[in-house]
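Residue-level structural notes
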Amino acid sequence: MAEHTRAGAGTRPIASGAASGTTSARRRPAFGPGARIALLAVVAAGVLALYLFQDLPARWQYPLDLRGRTLAGMLLVAVAVGVSTVLFQTITANRILTPGIMGFDAVFMAIQVFTVFALGPVVLVATPPLVSWGVELVLMSGFVVGLYWWLFMGRRLDLHVIVLAGLVLGTVFRSITAFLQRLLDPDTFAIVQDLAFASFTSVDRTLLLPTAVLVLAALASLWPIRHDLDVLGLGEAPAIGLGVEHRRVVMHVIVVVAVLVGASTALVGPVMFFGLLVANVAYTMVGHRHSRSLPAAVLIGLIALVGGQWFLDRVLGFATELPVVIEFLGGVVFIALVLAGRAR
Amino acid sequence: MIQTDSLTKRHGDIVAVDDVTIELGDGLTAIIGPNGAGKSTLLCSIGRLIRADAGRVVVGGLDVATTRSRDLARRLAVLRQENHLPIRLSVEELVGFGRFPHGGNGRSVHDRARIENALDLLGLEPVRGRFLDELSGGQRQRAFVAMALAQDTDYLLLDEPLNNLDPRHAVELMRLLTRLVTQRDLRIVVVLHDLNVAARYADEVVAMREGRVVAQGSVEQVITVEQLSDLFETPARVAEVEGRRIVLWE
Ligand SMILES: Nc1ncnc2c1ncn2[C@@H]1O[C@H](COP(=O)(O)OP(=O)(O)O)[C@@H](O)[C@H]1O
Ligand SMILES: [Mg+2]
């Protein structure tokens, strides 16, 4: 490129305004984003240790193994939901929509129930879990990617229209699920009913490793576009203007989001408002830069899940499933955000 | 040089840009015309923010449809008429994004210098740490222009950048643009609402109506009673004050 006349030489500034002593306008919070992420990491590590090792009986092998399984499930869900929510909000340029609210997991549930309905409960027993898991994931991700690609690309939809579309789609798929369930015999119904509620305490052990591999692969695929993510958050036109290959990158992100939501839903079941909760707490704590908001969202999710489970189990001694509590909190945040009009 | 070849863009039944073939020279080019003439659509098509339905755009020898977006972003900066951000950013952070096409994270010495220079040129020093949603419309507008400048390109496309600016800042921005043309050899295309501003600062004026370019030439050729009365379908008068053209409406 041609060498231009650089810097201020001879170019007078517009309105130099109050010339001095204005740098104090810059804000320097006591704890920077880096320190806050470190703090979150320490808290998360503490909660993890507490959950794993507190009150282990003398015959510790079995309880530790059980706790480890639950913990692994929570870790994977915290990563999948935290990352997918932040990314989804980046590409849709909003703070209140999440894959859960947009009905991603409802689609997944509908497909699961439809599979059982169409092929009968024997498939659940006869097919190796890994195979049905893989087939379901591919089906669901493909469907979701197609649906939301069609919904989001190449049109400028009002946020309210998108929220409405999401709620309608979610409701439609949930209704289909409910309808199909009614047609099932009681035994099959019980199996399917189990799928419809999130549960961390009954994670299928054989799915942990494949889920972990899938989640890691999805994260790794983000590496080449990591610098584009922040720019994407400015919105479509500014991102294109700054040189992001918008369509390609958004498509990539939609696939990653669908895979992550699919992995999480297949492992523990649907969680609707959890992502909203962790993403918004993360933005408030560390801002919107992805190198910060992604790890922060994951850590906050981990603290909420493990800390919450620990609190319910060992402090309150309740048998309540944690997702109920977290969904309630997330729902409150959702309403607060809508009321506060911070949708944009 | 910017060239378009039979550029066409439709929005449903409306032909927003209708078979436009033009060549925009160096210096500062002003695009004028009534509301809905297709000025923004033409500018955004040139800046590849909108995909044209037909035709071609070449900017500095690069076909905007086939050149890598990143390569283009190093040569061409474009600012739309409306700019809403979905996230909360400070002025400084926004301007820093202008360094993205150059692979900078905004923290290298060269990047810092470009960002400081852009902040300085737009008079944003006093508000550099403020969040955009805490600024006046005019300050925000200037912040977006500063981001485009930090992009350090050869071509700059601006859509009604004087929106929200008070007379002082409007005049200062236009003076800055003319300085950039002479000192940095920047080629600038700017959609202008105010014809007197166009008459005062433009090297070349392009008049659009109903998606077509109806006139192109120097201020003397385009800012005339006949052209303007036709273009805006309102009788115009053109006066000379201190050697400049001033447009009055009947
Ligand atoms: N996104 C859009 N959808 C539908 N029509 C549009 C859209 N953008 C522009 N138009 C129409 O295209 C025409 C040209 O618009 P525009 O380029 O914004 O005009 P100008 O900038 O000259 O006022 C107008 O009739 C406008 O209504
Ligand atoms: Mg316009």
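Because the structure is predicted, anything quoted here is derived from the model rather than measured. Throughout, residues of each chain are indexed from 1 in the direction in which the sequence is written. Both sets of labels track the order of writing: A upward for chains, 1 upward for ligands. In keeping with the model being predicted, local features are shown solely for residues with a pLDDT of at least 70 and side-chain atom pairs are shown and tallied solely at 80 or more, while totals for entire chains, interfaces and linings include all residues. Each side-chain value is worked out from all heavy atoms of the structure, with water and hydrogens disregarded.

Focus: the overall build of chain A
Just so we agree on the cut-off: Secondary structure follows DSSP: runs of H or I at least 4 residues long count as helices, runs of E at least 2 residues long count as strands, and numbering of each begins at the N terminus. Exposure classes here rest on a 1.4 Å probe applied to the protein chains alone. A residue is buried below 20% of its type maximum, exposed above 50%, and partly exposed in between. Areas reported as accessible are Shrake-Rupley estimates using a 1.4 Å probe. Residue values count occlusion only from the protein chains shown.
The number of helices and strands found in chain A is 14 helices and zero strands. When the helices and strands of chain A are placed in sequence order, the string is α-α-α-α-α-α-α-α-α-α-α-α-α-α. The proportion of buried residues among the 344 residues of chain A is 49%. Per element, the accessible surface of chain A, about 16,200 Å² overall, is 70% carbon and sulfur.

Notes on the coordination of the magnesium ion (ligand 2)
Residues and elements named next belong to chain B. Stated precisely, the cut-off is as follows: Only N, O and S atoms count as donors, using a 2.8 Å cut-off from the metal and 3.2 Å for Na, K and Ca, and because water is excluded some sites may appear unfinished.
At 2.0 to 2.3 Å from the magnesium ion (ligand 2) lie its protein donor atoms, namely Ser40 (OG) and Gln81 (OE1). Within this pair, whereas Ser40 is found in helix α1 (residues 39-46), its partner Gln81 is found in the loop between β6 (76-79) and α3 (91-97), the two being separated by 41 residues in sequence. Residue Gln81 is classed as partly exposed on the basis of its relative accessible area of 26%.

Things to note about a nonpolar patch on the surface
Residues and elements named next belong to chain A. What counts is decided by this rule: Each patch is assembled from residues with relative accessible area greater than 30% and no salt bridge, linking like charges that lie within 9 Å and nonpolar side chains (Val, Leu, Ile, Met, Phe, Trp, Tyr) that lie within 5 Å. We define a salt bridge as a contact between a side-chain nitrogen of Lys or Arg and a carboxyl oxygen of Asp or Glu at a distance within 4 Å.
A cluster of nonpolar side chains, namely Val324, Val325, Phe328, Leu329 and Val332, defines an oily patch on the protein surface of about 450 Å² accessible area. The topology assignment puts Val325 in helix α14 (residues 322-340). Here Val325 falls in the partly exposed class, since its relative accessible area comes to 34%.

Observations concerning the confidence of the model for chain B
Stated precisely, the cut-off is as follows: For every residue, the predictor states its confidence as a pLDDT score lying anywhere from 0 to 100.
Chain-level statistics for chain B give a pLDDT mean of 93 and a share of 99% at 70 or above. For this predicted complex, the interface confidence comes out at an ipTM of 0.92, alongside a pTM of 0.84.

Quick look at helix α11 (residues 246-268) of chain A
Here is the rule: Expected span of a helix, by definition, is 1.5 Å for each gap between consecutive residues, and there is one gap fewer than residues.
In a regular helix each residue adds 1.5 Å, so 23 residues correspond to 33 Å; α11 of chain A covers 33 Å between its end C-alpha atoms and thus fits that length. Most of α11 of chain A is tucked away, with 18 of its 23 residues classed as buried.

Looking at the pattern of salt bridges
Residues and elements named next belong to chain B. Tallying each qualifying case throughout the model produces 22 salt bridges over all chains. Between Asp154 and Arg75 there is a salt bridge, with the nearest N and O atoms lying 2.6 Å from each other. You can see Asp154 sitting in the loop between α5 (137-150) and β7 (155-159) and its partner Arg75 sitting in helix α2 (residues 69-75), a full 79 residues away along the chain. By relative accessible area, Asp154 is classed as buried at 9%. When the shortest N-O distance is used, the salt bridge between Arg168 and Glu172 registers 3.6 Å. In this pair, Arg168 and Glu172 are both assigned in helix α6 (residues 167-183), four residues apart and thus about one turn of the helix distant. When salt bridges with common partners are traced through the structure, they connect Glu92, Arg112, Glu116, Glu125 and Arg128 into a single cluster.

Description of the pairing of strand β1 (residues 2-11) of chain B
Residue and element names in this part refer to chain B. As a reminder, the rule being used: Being paired, for any two strands, means DSSP has found at least two bridges between them.
Relative to strand β2 (residues 14-24), β1 is paired through seven bridges, and the arrangement is antiparallel. Residue pairing for β2: Leu7 is matched across the bridge by Val20. Taking the residues between adjacent antiparallel strands as the criterion, β1 and β2 are bridged by two residues, where Gly12 takes a positive phi near 60 degrees. Inspection of the sheet shows β1 paired to strand β4 (residues 54-59) by five bridges, in the antiparallel sense. Considered in β4, the bridge of Gln3 is made with Val58.

Digging into the packing of helix α1 (residues 33-53) of chain A against helix α13 (residues 290-316) of chain A
Residue and element names in this part refer to chain A. Defined as follows: Geometry is summarised by axes, namely lines fitted to C-alpha atoms with helices restricted to the contacting stretch, and by angles between N-to-C directions that run from 0 to 180 degrees. Here roughly perpendicular refers to angles of 65 to 115 degrees, roughly parallel to angles under 35, roughly antiparallel to angles over 145, and oblique to all remaining angles. By the definition used in this description, the sense in which the near helix is turned from the far one sets the handedness, with an anticlockwise turn below a right angle giving left-handed and a clockwise turn giving right-handed. Note on residue classes: Ala, Val, Leu, Ile, Met, Phe, Trp, Tyr, Cys and Pro are nonpolar, Asp, Glu, Lys and Arg are charged, and everything else, Gly too, is polar.
Direction vectors running N to C along α1 and α13 enclose 30 degrees, while the axes themselves pass 9 Å from each other. One element, α1, and the other, α13, form an angle in the roughly parallel class. Considering the relative orientation of α1 and α13, their crossing is left-handed. Classifying every residue of the contact of α1 with α13 by side-chain character gives 18 nonpolar, two polar and three charged.

Focus on the sheet that holds strand β5 (residues 62-63) of chain B
Strand order in the open sheet made by the four strands is β2-β1-β4-β5 (chain B), with antiparallel pairing throughout. Among the strands making up the open sheet, the edge pair consists of β2 and β5 of chain B.

What about the packing of aromatic side chains?
Residues and elements named next belong to chain B. Note the following rule: Aromatic rings from Phe, Tyr and Trp, with only the six-membered ring used for Trp, were paired whenever their centres fell within 6.5 Å, and each pair was classed as stacked if the ring planes differed by under 30 degrees, edge-to-face if by over 60, and tilted otherwise. Only when the NZ atom of a Lys or the CZ atom of an Arg is both within 6 Å of the ring centre and within 35 degrees of the ring normal do we say a charge sits over the ring.
One pass over the full model with this rule turns up two aromatic pairs over all chains. Stacked on the ring of Phe131, the Lys or Arg Arg88 has its end atom at 4.2 Å from the ring centre. Above the ring of Tyr201, the side-chain terminus of Arg200 is found at 4.9 Å from the ring centroid.

Observations regarding the site of ligand 1
All names here are of chain B. The condition is simple: Proximity is defined per residue: any heavy atom of the residue falling within 4 Å of a molecule or strand makes that residue near it. Any N or O atom pair separated by 3.5 Å or less is treated as a polar contact, with the protein-specific requirement of one donor-capable and one acceptor-capable atom, and with residues adjacent in sequence counted only for side-chain atom pairs.
By nearness alone, every residue bordering ligand 1 is listed as His11, Ile14, Ala16, Pro34, Asn35, Gly36, Ala37, Gly38, Lys39, Ser40 and Thr41. Here a nitrogen atom of ligand 1 and a side-chain polar atom of His11 are 3.3 Å apart. In the environment of ligand 1, an oxygen atom lies 2.7 Å from a nitrogen or oxygen atom belonging to the side chain of Ser40. Surface burial for ligand 1 is 58%, taken as the share of its 560 Å² of free accessible area covered by protein chains. Broken down by element, the residue count for the shell around ligand 1 peaks at three residues, all from α1. Here the shell around ligand 1 is composed, by residue class, of four nonpolar, six polar and one charged.

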